[in-house]
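# Structural characterization, general
Residue-level listing of the chains:
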Amino acid sequence: MLNGFIRIAAAVPHVSVADPKANAAAIAKMAQQLQNSDSPDVIVFPEMSVTGYTCADLFHNSLIISDTLAALEELRHVSKTSDALYVVGAPLLRNGQLYNCAVAISNGRILAAIPKTYVPAYNEFYEKRWWKAANPAEPVSMLRIGDEDVPFGVQQVILHKGVKIGVEICEDLWTPVPASTQAALQGAEVILNLSASDALTGKYTYITDLVRQQSARCICGYVYASAGFGESSTDLVFDGIALVCDNGTLLSAGRRWQNDGVSAISDIDILAIRRDRLHYTSFADCAANNSCAPYSITPSPEADKPLELREHLLRIVPRLPFVPENATHRHERCTEIVNIQAAGLCRRLDAIKCSKLVVGISGGLDSTLALLVAVKAFDRLGLDRKGIIAVTMPGFGTTDRTHTNAIKLMDKLGVTSREISIVKAVEQHFRDIRHDPSVHDVTYENAQARQRTYLLMDIANQEGCFVLGTGDLSELALGWATYNGDHMSMYGVNSGVPKTLVRYLVKWFAQTDTSITEILNDICETPISPELIPAKADGSIEQKTEDLVGPYELHDFFLFYMLRYGYGPERTYALAREAFAESEYSDITIIHWLRTFYHRFFTQQFKRSCMPDGPKIGSVCLSPRGDWRMPSDASVEAWKKSLANLRP
């Protein structure tokens, strides 16, 4: 079961201008449909959804004002059958002035009225003709609505199912310092925006970006509902925008231009929001530097009720969190990463005034990527590619397939190619340490890895240059490297790239250089292997890394949620079940490799503590000098206890 997610819907019903009774019925109907289908915790409706936004001078008609109160009373009555929080838009009279308000209703009670702070009076907007702008510094007071005294004012957040919810209305978001920014700094974890933004060419993209970026800036969930069909088309048209964003990510968007209503619904990860606000200390500093009178907390009748445990989420949990699913975005991401890698290497070469480097080439993914990045860096610096000394070092497990691909690739790229067999040297080493070569244990494997590094280091000394590392982020996380073997180099160009992304980066090079496309495609299709155990009788790879250490797509998933959000085993497992529900991985398989991940991650920190320099690529990084500081002897017992609670 998945916890810590709040399910929120943005709902845009068909509106009837100047008919609060009909609109209350439409709101109630849509709320009931959403409750029956998806059981949201919160539903937000557009600005002035009770009356219609385009009533114009009718807003000052006494009948509209009285009918609005009657409609709110009807919605209060309807809400008795649900534990969801409804937030609707309505004009409310206070001290002889009319305010554009968001009205929160739950469980038979009208909880709060939050007025609009910024009332526009430019271009097509004439709101100051009808409504008074709220003073955001004014303390919350009480307003009589029906037979209830309701908190009225900007300075309040609503507590519902343990989550703090802030509200702003349309124009409030478009200002230099949006009302939602202050609400977030006062603790609001989700912002609801009731809007009535007319449709203009290009405006939808702008609004979507604005909402998404505000959710990122405020580290919050942001749900936006804007007026749709039924509003007057005298001068304007409304498209019905419904958006749900979570900390910079658009989770759900309703289909616009619908006559019978639009909705978007998704699950916002409250635990992730809380973790990021804790982790990114500038958020708390900003809150302290922009302090004002504390916002009042308005509890709903469900304030202390825990969020419902969900069997399945209404949001996509990507199987490959490091790899964009959209092909265009993936291409853009790969372009950016390769440029980061190449720029890092360029700077290192320039800093030490070096025009050469040494790199070991196995015919596998990681060394291929390192070589391709090296070529790009040399081309950018105007250096001769012959300064790249690429060395292939066949051993006991090297197959014809990987060896051939290594030779072909070096030849096509025009680098200096060397081949040095490590077989005789390692056999001598076995004799020296009295190791039986028929015993294919860790000594047998690591002796080969260290011999290769020994050769690369000596060649670097000989040539007056440095060794380029090839190990990737996933291998560093799992400690899948021989200490003082392939673990060591002078610059690890792949150290920030997870294994699941390496293949796509190599494919990116295959698409951009047709002369090596065939070679790179075959490398991508070759099973991942250190090739330290003799091949099968038919010459194919015997030793497959993922059979030994586990599938990299699982380990990269575990790594992402551990480092990016600090999740423990139970939540990571629940998310993995969601992400891999349609895959070949059973619950038992996921649990098995999750245990492997935590065991290896904790026991192998000593390798990361002395890892070489390398460029940071994304938000997850294991550099001991930068993002990840962890004692090598930290206890894993708490994680083991949590793992013991996991059940298929």
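Structure shown above.
Conventions and cut-offs
- Residues numbered from 1 in each chain as written.
- Predicted model: local features only at pLDDT ≥ 70, side-chain atom pairs only at ≥ 80, totals over all residues.
- Heavy atoms only, no water.
- Pairing = 2+ DSSP bridges.
- Helix = DSSP H or I, 4+ residues; strand = E, 2+ residues; numbered from the N terminus.
- Axes fitted to C-alpha atoms, helices over the stretch in contact; angles between N-to-C directions.
- Contact = heavy atoms within 4.5 Å.
- Parallel < 35°, antiparallel > 145°, perpendicular 65-115°, else oblique.
- Nonpolar A, V, L, I, M, F, W, Y, C, P; charged D, E, K, R; others polar.
- 1 Å grid on protein atoms, 1.4 Å probe; cavity = no way out; pocket = protein on both sides within 12 Å on 5 of 7 lines; lining within 4 Å.
- Points joined across faces, edges and corners; volume = space filled by probe spheres on them.

### A few points about the sheet that holds strand S8 (residues 156-160)
Ordered in space as S13-S12-S11-S10-S9-S8-S15, the 7 strands form an open sheet in which the pairing is mixed. Since the sheet does not close on itself, it has two edges, and those belong to strand S13 (249-253) and strand S15 (296-299), each with one partner. Strand after strand, the sheet turns through a mean of 25° between neighbouring axes, direction not considered. Judged from the 5 bridges that link them, strand S11 (residues 221-226) and strand S12 (residues 242-246) form a sheet pairing that is antiparallel. The residue bridging tyrosine 222 from the neighbouring strand is cysteine 245, located in S12. Helix H4 (residues 203-217) contacts S11, S12 and S13 of the sheet and is inclined by roughly 30° relative to S12.

### Digging into the packing of helix H7 (residues 327-351) against helix H13 (residues 499-512)
In helix packing, the relevant descriptors are the interaxial angle and the interaxial distance, both defined with respect to the helix axes. In the contact formed by H7 and H13, the axes pass within 10 Å of each other and the chain directions differ by 95°. Considering their axes alone, H7 and H13 lie roughly perpendicular with respect to each other. Packed against H7, whose contacting residues are Arg330, His331, Cys334, Thr335, Ile337, Val338 and Gln341, the element H13 presents Leu501, Tyr504, Leu505, Trp508, Phe509 and Gln511 at the interface. The class makeup of the residues in the contact of H7 with H13 is 8 nonpolar, 4 polar and 1 charged.

### Description of empty space enclosed by the protein
A water-sized probe, rolled over the atoms, reveals where empty space remains. One pass over the structure, following the stated rule, counts 5 cavities of 30 Å³ or more. Volume-wise, the largest cavity comes out at about 150 Å³. If you trace the largest cavity, you find 16 residues lining it, with Gly471, Leu476, Asp486, His487 and Pro612 closest to the centre. Looking at the lining of the largest cavity, its residues break down into 5 nonpolar, 7 polar and 4 charged. Lining the second largest cavity are 14 residues, and of these Pro13, Val15, Pro46, Ser49 and Glu231 sit closest to its centre. The element contributing the most residues to the lining of the second largest cavity is helix H1 (residues 20-38), with 3 residues.

Spatial relationships are all this shows, so hold off on functional conclusions.
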